[in-house]
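# Residue-level structural notes
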Amino acid sequence: MNKHIRKVAVLGSGVMGSRIACHFANIGCEVLLLDIVPRELTPDETKKGLTLESRIVRNRIVDSALQFALKSNPSPIYRKSFSSLIETGNFDDDLSKISTCDWIIEVVIERLDIKQQLFEKVEKFRTSGTLISSNTSGIPIHLMTEGRSEDFKAHFCGTHFFNPPRYLQLLEIIPTPHTKSEIIDFLMDYGMRFLGKKTVLCKDTPAFIANRVGVYSIMALFHAVKELGLTVDEIDKLSGPVLGRPKSATFRTCDVVGLDTLVHVANGLKANCPNDEEKQLFELPDYISKMVENGWLGSKSGQGFYKKSKDENGKKQILSLDLNTLEYKVSEKVKFPTLEMAKPIEDLKQRTKMLLMGMDKAGQFYRQIFGGLFAYVSNRIPEISDDFYKIDDAIKAGFGWELGPFETWDLLGMDQGLKLIKDQNKNVAAWVEEMKSTGLTSFYKTEKGKRLYYDISSKSYKIIPGTEHLVQLDSLRDENKVWGNSDTTIVHLGDGILNLEFHTKMNSIGGGVIEGMNKAMDLAENEYKGLVISNTGQNFSAGANVGMIFMMAAEQDFDELNFAVKAFQDAMMRVRYCNVPVIVAPHNLTLGGSCEMCMHADKVVAHAESYIGLVEFGIGVIPAGAGTKEFAKRLSDELKSGDIKMNRLRERFLTIGQAKVSTSAFEAFDLGYLREGIDEVIVSRDFQLTRAKAACLELANKGYVAPKRGKNITVVGQEGLGIVYVGANSMLSGNYMSEHDKVISEKLGYVLCGGDLSENTVVSEQYLLDLERKAFVELCGERKTLERLESLVKNGKILRN
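Residues numbered from 1 in each chain as written. Predicted model: local features only at pLDDT ≥ 70, side-chain atom pairs only at ≥ 80, totals over all residues. Heavy atoms only, no water.

This part is about the overall build of the protein chain. Summing up its helical and strand segments, the protein chain has 33 helices and 25 strands in all. In the protein chain, which comprises 801 residues, the proportion classed as buried is 56%. Long-range contacts, defined here as pairs at least 24 residues apart, represent 69% of the contacts in the protein chain between residues at least 6 apart. Counting only carbon and sulfur atoms, one obtains 50% of the accessible surface of the protein chain, whose full area is about 34,500 Å². Side chains of the protein chain carry 100 positive and 105 negative charges; the gap between the two charge centres is 1 Å. (Helix = DSSP H or I, 4+ residues; strand = E, 2+ residues; numbered from the N terminus. Buried < 20%, exposed > 50% of the residue type's maximum accessible area, 1.4 Å probe, protein only. Contact = heavy atoms within 4.5 Å. Areas by Shrake-Rupley, 256 points an atom, 1.4 Å probe, with all protein chains shown as cover. Lys, Arg positive; Asp, Glu negative; His and termini not counted. Charge placed at Lys NZ, Arg CZ, Asp CG, Glu CD.)

Dropping the structure here:
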């Protein structure tokens, strides 16, 4: 289906509607955001002499909602300027404008009658062939189109975005019996490629897929907490990051979402799923009913499972609810032998296996929860989906689990999963037993670089739809590994392109990663066409291993420190001057040294959710992996005359001096980390590596020639240093910075300006690298820097080794 989405109408500007509008603006679509007309004036409007016919009044609801969204944190918009793509209006005056839209999305209150009334009005103005969908999270999709035309029905389906739409990947597509198959195919592809979503095709069943399984999991925990004698703090410790799930875990998530929302969904499932074998779990425990009765709904009401308070000294503290007494108490540190045993294990899959082996209450909890979960998801096939991989995709993208239920079952093994189910007196679905009887014991497998799933209907393995043309590192790693050490792995992506990934803690860059970088470039130059640097970790990289630097600085081994910094610089410069193209594909945290890596690549293919920055100033040093040098070089390329030149210097200085981190890859252009016209942003994480490989091939195939080393860099010398020193002294005098911050600022300015030169001077990159390294090593010798580093190490803010 050759369809293009240029303009989108979003009907309803509440929390979801305004943020859906922002996300379409994020990808460059024009957006028409509409809502109802106010029925009465506010006191302020009356004072101003406005009437109900005033345009500003008639658009007050939609304008206020959009402004509230744009000011919220985290922001729903990639770049502030993108909001200019959103036009606001109201249903009474502006509904006719939907005739020019390619997609109309309804996001009004969850009442079927109101939705149907709106759709009746929409049909008067909607152009034939225009996509139309509802963002409902619970109302049966097929009921919404009663009385609508055949064309309306053929182009209608449910599109369930998860909140917040920018950050949560899941988009559930729910067709009706009337929806054209090509419309479904288009939305599945568009959602993934353009909106960056994990699109999951759902059946029109209560709560669809993610909420059906996710709410079951939460309700199971609600009951388990009493059965096993666990506390709120203990459940959240057991069901959070240690299990590859969000920091908010279970009860904190409920507080954020709102207990009333969760109860509404649970009651809906209890009422509408009479044949669910676990329907008793959707009965609310007494303590939940009492909390709702008391109005303890979470963040929206000021208290829920947790409550903010102050102790007798006025110090802030977090209290957690005792579910037996329904009284709040100071949160306690959670300790279980199983958690201590699993703590050193970085690999989630290996850690999960260890958690289920525990012989204490924690191990019992995991076995009970997973036994119930495996049984439940197996029995949801074919009720909510014909394919189990959709359940994994939905729960991972919608609830932030790193491993889906069937993926977890696979890593434990078929027999272990069946034993867990049996031990909980649960029944597994017949299709799993049938699958096992044929000798097949894994739900997924990889073959020829592709991930396959067990197709129940054909009783064979098939490639997951939509991934046929994707380059997937997880599916290539085992078969295509070229080289590796303890910190890195080099994989052949095909077509002569290598990929280097790191897998240290937080993907920090130390000696092992530097070795891997050099080995990858050696191999690429001698035997391949190009190199991509990317990984599948939660973050691209937290930067250099500062703990290692602290140890050398503390021991005053400055020669060794100088050598280590030079090795780091040399690796970054090799990225710049490698004889084959080097593409860096960052995502999420891309800090310090990994930001410097991006700044030296031939091209950066950044995921939109990349938070890029040089943050070294915060630990008492300056960027010394060629980052400060690179800012000086880029400043030279931009040099103008007079005030403009000094303004650019000031901007570059403050970006490093204030340790600015972009809130999106688009903002990284504004901060100077990414380059307009060279680097690019991709919204789809699933497509990122595919695009990075293609970009590398494009450069290689058109005849790549490495750039010449920079020898004509103009630095401003004393002209710029004067501004830096005056500014630092003013900040110190106004108590805006410490003496130590002043020292760091002056060192930074000294490198950016090229040293104490009497006039604008042409220098080489090596000259600036030497200045940068010297300043870094000198700062590491400062007592205040060591104190700051030691404090960060002790508090776990930076890596110990």
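What follows covers the sheet that holds strand β17 (residues 497-502). Strand order in the open sheet made by the seven strands is β15-β16-β17-β18-β19-β21-β23, with mixed pairing throughout. Pairing within the sheet leaves two strands with one partner each, and these edge strands are β15 (481-484) and β23 (680-682). Here the average twist between neighbouring strands, direction ignored, is 25°. Against the sheet, helix α29 (residues 685-701) touches β16 (488-494), β17, β18 (530-533), β19 (582-584), β21 (603-607) and β23, its axis set at about 170° to β21. (Pairing = 2+ DSSP bridges. Axes fitted to C-alpha atoms, helices over the stretch in contact; angles between N-to-C directions.)

Quick look at the environment of Met359 now. Mapped onto the elements of the fold, Met359 is located in the loop between α15 (348-357) and α16 (361-378). Distance in space between the C-alpha atoms of Met359 and Glu150 is 60 Å, their sequence separation being 209 residues. Residue contacts for Met359: discarding those within four places in its chain leaves Thr338 and Arg367.

A full pass over the atoms with the stated rule returns 61 salt bridges. For the salt bridge of Lys784 with Glu787, the shortest nitrogen-to-oxygen distance reads 3.9 Å. Residue Lys784 and its partner Glu787 are located together in helix α33 (residues 783-794), separated by three residues, close to a single helical turn. Given the relative accessible area of 42%, Lys784 is considered partly exposed. The class for Glu787 is partly exposed, based on a relative accessible area of 35%. (Salt bridge = Lys/Arg side-chain N within 4 Å of Asp/Glu carboxyl O.)

Applying the stated criterion across every chain yields a total of 34 aromatic pairs. For the pair Phe388 and Tyr444, a centre-to-centre distance of 5.3 Å together with 80° between the ring planes defines the contact as edge-to-face. Linking Phe388 in helix α17 (residues 388-399) with Tyr444 in strand β12 (residues 444-447), this pair joins segments that are 56 residues apart in sequence. Here the aromatic residues Phe370, Phe374, Phe388, Tyr389, Phe406, Trp409, Trp431, Phe443, Tyr444 and Tyr453 are joined through ring pairs into a cluster of three or more. Positioned above the aromatic ring of Trp401, the side-chain terminus of Arg245 is 3.5 Å from the ring centre. Its end group placed over the ring of Tyr306, Arg252 keeps NZ or CZ at 3.9 Å from the ring centre. (Phe/Tyr/Trp six-rings, centres within 6.5 Å; stacked < 30°, edge-to-face > 60°. Lys NZ or Arg CZ within 6 Å of the ring centre and 35° of its normal.)

With that settled, the discussion passes to the side chain of Ser664. Topologically, Ser664 is positioned in the loop between α27 (642-657) and α28 (665-670). Overall, the relative accessible area of 0% leaves Ser664 in the buried class. Engagement of the side chain of Ser664 in a polar contact is seen with the backbone oxygen of Tyr78, the distance being 2.8 Å. Here Phe666 takes part through its backbone nitrogen, which lies 3.3 Å from a polar atom of the side chain of Ser664. Look past the residues within four positions of Ser664 in its chain and what remains in contact with it is Tyr78, Arg166, Ala608, Ser610 and Tyr611. (Polar contact = N/O pair within 3.5 Å; in protein donor to acceptor, adjacent residues only side chain to side chain.)

Taken across its six residues, strand β2 (residues 30-35) has five buried, putting it largely inside the fold. When strand β1 (residues 7-11) meets β2, the two strands line up parallel, connected through five bridges. Paired with Val10 across the bridge in β2 is Leu33.

Our next topic: the side chain of Lys742. Residue position: Lys742 is located in helix α31 (residues 739-752). Leave out the neighbours within four places in its chain, and Lys742 touches Ala728, Asn729, Leu732 and Met737.

Before going further, it helps to examine a negative patch on the surface. Taken together, the side chains of Glu555, Asp557, Asp559 and Glu560 make up a negatively charged region of the molecular surface. Tracing the backbone shows Glu560 in helix α24 (residues 558-577). (Patch = residues over 30% accessible without salt bridge, like charges linked within 9 Å, V, L, I, M, F, W, Y side chains within 5 Å.)

Time to look at unusual backbone geometry. A cis geometry characterises the amide bond from Asn73 onward to Pro74, with omega recorded as 5°. Within the element layout of this structure, Pro74 appears in the loop between α4 (60-71) and β3 (86-90). In this structure, the amide linkage connecting Ile381 to the following residue, Pro382, adopts the cis form with an omega of 5°. Looking at the secondary structure, you find Pro382 in the loop between α16 and α17. A positive phi is found at Asn425, a non-glycine position, where the angle reads about 60°. Relative to the helices and strands, Asn425 is located in the loop between α19 (414-423) and α20 (430-437). Positioned with a positive phi, Asn588 is a non-glycine residue whose angle comes to about 50°. By secondary structure assignment, the location of Asn588 is in strand β20 (residues 588-591).

This part is about the state of the cysteines. With the rule as written, the count across this model stands at zero disulfides. With no disulfide of its own, Cys101 lies 10 Å from the sulfur of Cys29, the closest cysteine sulfur. According to the relative accessible area criterion, Cys101 is buried, its value standing at 3%. Among the cysteines around Cys254, which has no disulfide bond, Cys273 carries the closest sulfur, lying 19 Å off. Here Cys254 falls in the buried class, since its relative accessible area comes to 4%. (Disulfide = S-S within 2.5 Å.)

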